[in-house]
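Coordinate inspection notes
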Amino acid sequence: MRNIGKKEAIENLKSWGKTCHHSQKEVEKHIKHPSQQKGIDKILEDVPLSKVKKAKAFWNKWCKEIMKDGELEQIYRALGSSLKTNRSYWRFKCAATLFLYIYGYIPDKELDLIKKDIDKAEQIFDKHRKEMQIIKEIDDALRDKKFRGHIPMNVSCLAIGASITFTKAVKAILDVIERLHKDKDYREGHYYGGTIDWDEAILFSGQPYEWCKKGGKNERGDS
């Protein structure tokens, strides 16, 4: 995450105005009405701190220990057609379930069902997996594959790549939203835009919340 607060963000905005030959009046307008404030405040309204904490508790339970395997072990699984690849597919589904929860597709009451009965996890994932296209595409390619004996390289690499991608993406998104809630200077710095780090980019541009959330402008998928 970047370490730029409100003061630094405003100074960067002024420098940008000079570089791009914008008038002082235009720059002052941006300072008075920061372009990103409405979107960020809406994220925090939709994903309150209580929701972040709940999702992080599930992440710690499902993903934290498996992350200790390390990426080299993941690569070994792919190259060696290891039976542990099945764990990677399971981890993808766990992380994807949290992704669906953060973006509003899975309600709190359904996540609470998983907390009471882990066997409900598969059922709830299957219920909502088609509601986000990025999740549907991956799961469509994996769900009917046999993770035993010789696992084809394309299947193994996809399962492992998906597990790493979604596990790390969910953690990054939760960390950014949590800091936006807790750190006022960090939050207000983002109101003015500017250069962002990779973890922030996942939330703001890779999977932009306002576009990809349930009911968002870019919501796609088959029911």
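Residues numbered from 1 in each chain as written. Predicted model: local features only at pLDDT ≥ 70, side-chain atom pairs only at ≥ 80, totals over all residues. Heavy atoms only, no water.

**Some details on the overall build of the chain**
A count of helical and extended segments in the chain gives 14 helices and zero strands. Secondary structure of the chain in N-to-C order comes out as α-α-α-α-α-α-α-α-α-α-α-α-α-α. Along the longest, intermediate and shortest principal axes, the C-alpha atoms of the chain span 65 × 40 × 30 Å. For the chain, with 223 residues in total, the buried portion stands at 44%. (Helix = DSSP H or I, 4+ residues; strand = E, 2+ residues; numbered from the N terminus. Buried < 20%, exposed > 50% of the residue type's maximum accessible area, 1.4 Å probe, protein only.)

**Concerning the nonpolar core**
Core analysis: the biggest nonpolar cluster contains 55 residues, and F92, F99, Y103, I135 and I177 have the highest contact counts within it. It is helix α11 (residues 153-182) that provides the largest number of residues to this core, a total of 11 residues. Once residues lying within four places of it in the same chain are set aside, the contact partners of I177 are I43, L44, V47, V52, I102 and L203. (Core = buried A, V, L, I, M, F, W, Y, C linked by side-chain atoms within 4.5 Å. Contact = heavy atoms within 4.5 Å.)

**Some words on a nonpolar patch on the surface**
A cluster of nonpolar side chains, L72, I75, L79 and M153, forms an exposed patch at the surface whose accessible area comes to about 440 Å². Per-element accounting of the nonpolar patch gives the leading share, three residues, to helix α6 (residues 71-80). (Patch = residues over 30% accessible without salt bridge, like charges linked within 9 Å, V, L, I, M, F, W, Y side chains within 5 Å. Areas by Shrake-Rupley, 256 points an atom, 1.4 Å probe, with all protein chains shown as cover. Salt bridge = Lys/Arg side-chain N within 4 Å of Asp/Glu carboxyl O.)

**Details of the pattern of salt bridges**
Per the stated rule, a full pass over the model turns up 19 salt bridges. Between K42 and D46 there is a salt bridge, with the nearest N and O atoms lying 2.7 Å from each other. In this pair, K42 and D46 are both assigned in helix α3 (residues 37-46), four residues apart and thus about one turn of the helix distant. Note on D46: relative accessible area 21%, which makes it partly exposed. Several salt bridges share partner residues, and in doing so they unite D126, R129, K136, D139, D140 and R143 into one network.

**A word on the packing of aromatic side chains**
All chains considered together, the criterion is met by eight aromatic pairs. Centre to centre, the rings of Y89 and F147 are 5.3 Å apart; their planes meet at 25 degrees, and the pair counts as stacked. Of the two residues, Y89 sits in helix α7 (residues 85-102) while F147 sits in the loop between α10 (133-142) and α11, which places them 58 residues apart along the sequence. In terms of burial, Y89 and F147 fall into one category: buried. An aromatic cluster is present here, built from Y89, F92, F99, Y103, F125, F147, F166 and Y209 joined pairwise through their rings. In this structure, R179 packs its charged tip against the face of Y186, placed 4.0 Å from the ring centre. (Phe/Tyr/Trp six-rings, centres within 6.5 Å; stacked < 30°, edge-to-face > 60°. Lys NZ or Arg CZ within 6 Å of the ring centre and 35° of its normal.)

**Brief notes about the confidence of the model for the chain**
Looking at the chain, the pLDDT average stands at 86 and 91% of residues meet or exceed 70. Per-element confidence in the chain is highest for α10, whose mean pLDDT is 95, and lowest for helix α5 (residues 64-67), whose mean pLDDT is 68. (pLDDT = per-residue confidence, 0-100.)

**Quick word on the packing of helix α4 (residues 49-62) against α7**
At their nearest, the axes of α4 and α7 sit 10 Å apart, and the two run at 180 degrees to each other. By the angle class used here, α4 and α7 are roughly antiparallel. Across the interface between the two elements, K51, K54, A55, F58, W59 and W62 of α4 pack against W90, C94, T97, L98, Y101 and I102 of α7. Partitioning the contact of α4 with α7 into residue classes produces nine nonpolar, one polar and two charged. (Axes fitted to C-alpha atoms, helices over the stretch in contact; angles between N-to-C directions. Parallel < 35°, antiparallel > 145°, perpendicular 65-115°, else oblique. Nonpolar A, V, L, I, M, F, W, Y, C, P; charged D, E, K, R; others polar.)

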